[in-house]
Amino acid sequence: MNDSRVQASTQKLLELLEELAAFSTPGPGVTRLLYTEEWSRAQIFLQEKMAGLGLEVSIDKVGNVYGRLSGCNPQQKVILTGSHIDTVVNGGKYDGAYGIAAAMIALQDLQRNFGQPQRTLEVVSFCEEEGSRFPLAYWGSGHVTERYDGSEAETCMDAEGVTLKAAMAQSSFLQDITEEKASKRTGVRNDIGAFVELHIEQGIILEKTDTQIGVVQGIVGQSRYVVKVSGIANHAGTTPMLMRQDALASAVEMLYVLESSAKTAGEPLVATSGKLEVYPNTPNVIPGEVLFTLDIRHSEEDELERFCEKLLAECNEIAVKRGVILEVTSVLHTVPAPMDTKLSAMLENICRQEGKTYRMMVSGAGHDAQLFAPRCPTAMIFVPSRAGISHSPEEYTSPEQLVAGLEVLTAMLYELAY
Ligand SMILES: NC(=O)NC(NC(N)=O)C(=O)[O-]
Ligand SMILES: [Zn+2]
Ligand SMILES: [Zn+2]
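An unreviewed UniProt entry annotates the chain as Allantoate amidohydrolase originating from Paenibacillus odorifer.

What follows is the structure in structure tokens.
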């Protein structure tokens, strides 16, 4: 693209990212959880923006928003690109949103510069990927790729006891869908010929190696659990130490095992407990109940399974020793997903032709792309994250780095669809 066009695209991209970041609950960073009012307003905004770009908008029953640029060979499968609109609590403005915004601008630039594509191009804003509000993740792409059939909405509930189904009914966006758009609601998609996702790295490798582009070879598998430890709430002053069934002390010993076992296992295994709730959470009461989460990831499925089995067995031994009850619920399991080698080779060629530095790498973060990988050729493009920080208000990628990713995505979509 010539300089003035690059500047125009850069400006539009930065503006879109700022506009999307404004759809957040008050507080540090960006918080836009599934089916909340700020989530609804962001999807309504994207629906209008996509329509304004001349794209044909459709919405499915869970609130994924698609913008379609129809090709002249409608019988050929669709080239889909995009990412997720939801965030973690106090997250950044690039995780997910960048892949959607860049895809919208790429489609606009391609249509403006090359006219109608041979194959239909679609940008998608997936309703949810993070698993931040409800104990499941990939609700958007999981709906499209048949991971979920929607029945989960009846029972899955957030920390306030609101079911997914009730949250959907309360969403001003889903209620807002006009009959005309509703008639275009898509569900499972079997017409996708390739999926390409542009995303920030959320790690430090690209920055540390001064590399512009990451070509993702694979995405790690992950297992998430909710663990409930039930002991006996009792008086902090009158209960001898050897007569306690202290749920929090038990959980602390389990979490120490989590960290020490993960360090012993070594890279690429990572294990995190990001959420812990104590009941009754009162200074002079021995905790009777504790809930905590586990998030364990590895690039090899059998190593991931082996670690989880061993860890849960050790947690059970601790529970028996301390006389507390352990209940473990698996809330997510995604297998490691290799990206398509042919598409990755195309990305390498594009980087070489454009004189962009690049490196092949594995994603430690989960992505919607990993649900498409078993169904159609799938590729991911990374751009650097400053200091490797993500899932934080400090998340940042420079305009130049954002544009480099946009240019590679645009060139890839051109090769796939024109
Ligand atoms: N891009 C992401 O941050 N994905 C996150 N979400 C899921 N579902 O993995 C994560 O925790 O890695
Ligand atoms: Zn994320
Ligand atoms: Zn993400």
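A. Spotlight on the pairing of strand E6 (residues 213–219). Counting buried residues in E6 gives 6 out of 7 residues, a clear majority hidden from the surface. As defined by bridge partners, E6 adjoins strand E15 (residues 358–363) across 6 bridges and the pair is classed as parallel. What sits directly across from Gly 214, in E15, is Arg 359. Here E6 runs beside strand E16 (residues 378–383); their pairing, made up of 2 bridges, is antiparallel. Within E16, the residue paired with Val 215 across the bridge is Ile 381. With 2 bridges joining them, E6 and strand E14 (residues 337–338) adopt antiparallel strand pairing.

B. Summary view of the state of the cysteines. Tallying each qualifying case throughout the model produces 0 disulfides. Free of any disulfide, Cys 127 has its nearest cysteine sulfur in Cys 156, 12 Å distant. When its relative accessible area of 0% is taken as the criterion, Cys 127 is described as buried. With relative accessibility at 10%, the residue Cys 156 sits in the buried group.

C. View of the pattern of salt bridges. Per the stated rule, a full pass over the model turns up 23 salt bridges. For Glu 289, the salt bridge identified is with Lys 228, shortest N-O distance 3.9 Å. Placement of Glu 289 in strand E12 (residues 289–298) and of Lys 228 in strand E7 (residues 221–230) is noted, with a sequence separation of 61 residues between them. Shared partners join several salt bridges into a network, and the residues in it are Arg 68, Glu 122, Arg 189 and Asp 191.

D. Layout of unusual backbone geometry. Backbone torsion omega between Glu 267 and Pro 268 reads 5°, so that peptide bond is classified as cis. Counting through the fold element by element, Pro 268 comes out in the loop between helix H10 (247–265) and strand E9 (270–272). A cis geometry characterises the amide bond from Tyr 279 onward to Pro 280, with omega recorded as 5°. Structurally, the position occupied by Pro 280 is in the loop between strand E10 (276–279) and strand E11 (285–286). Of note in the backbone geometry, Asn 281 takes a positive phi value of approximately 60° without being a glycine. Of note, Asn 281 is situated in the loop between E10 and E11. With a phi angle near 55°, Ala 387 is a residue other than glycine that sits in the positive phi range.

Rules and cut-offs
- Residues numbered from 1 in each chain as written.
- Chains lettered and ligands numbered in written order.
- Predicted model: local features only at pLDDT ≥ 70, side-chain atom pairs only at ≥ 80, totals over all residues.
- Heavy atoms only, no water.
- Buried < 20%, exposed > 50% of the residue type's maximum accessible area, 1.4 Å probe, protein only.
- Helix = DSSP H or I, 4+ residues; strand = E, 2+ residues; numbered from the N terminus.
- Pairing = 2+ DSSP bridges.
- Disulfide = S-S within 2.5 Å.
- Salt bridge = Lys/Arg side-chain N within 4 Å of Asp/Glu carboxyl O.

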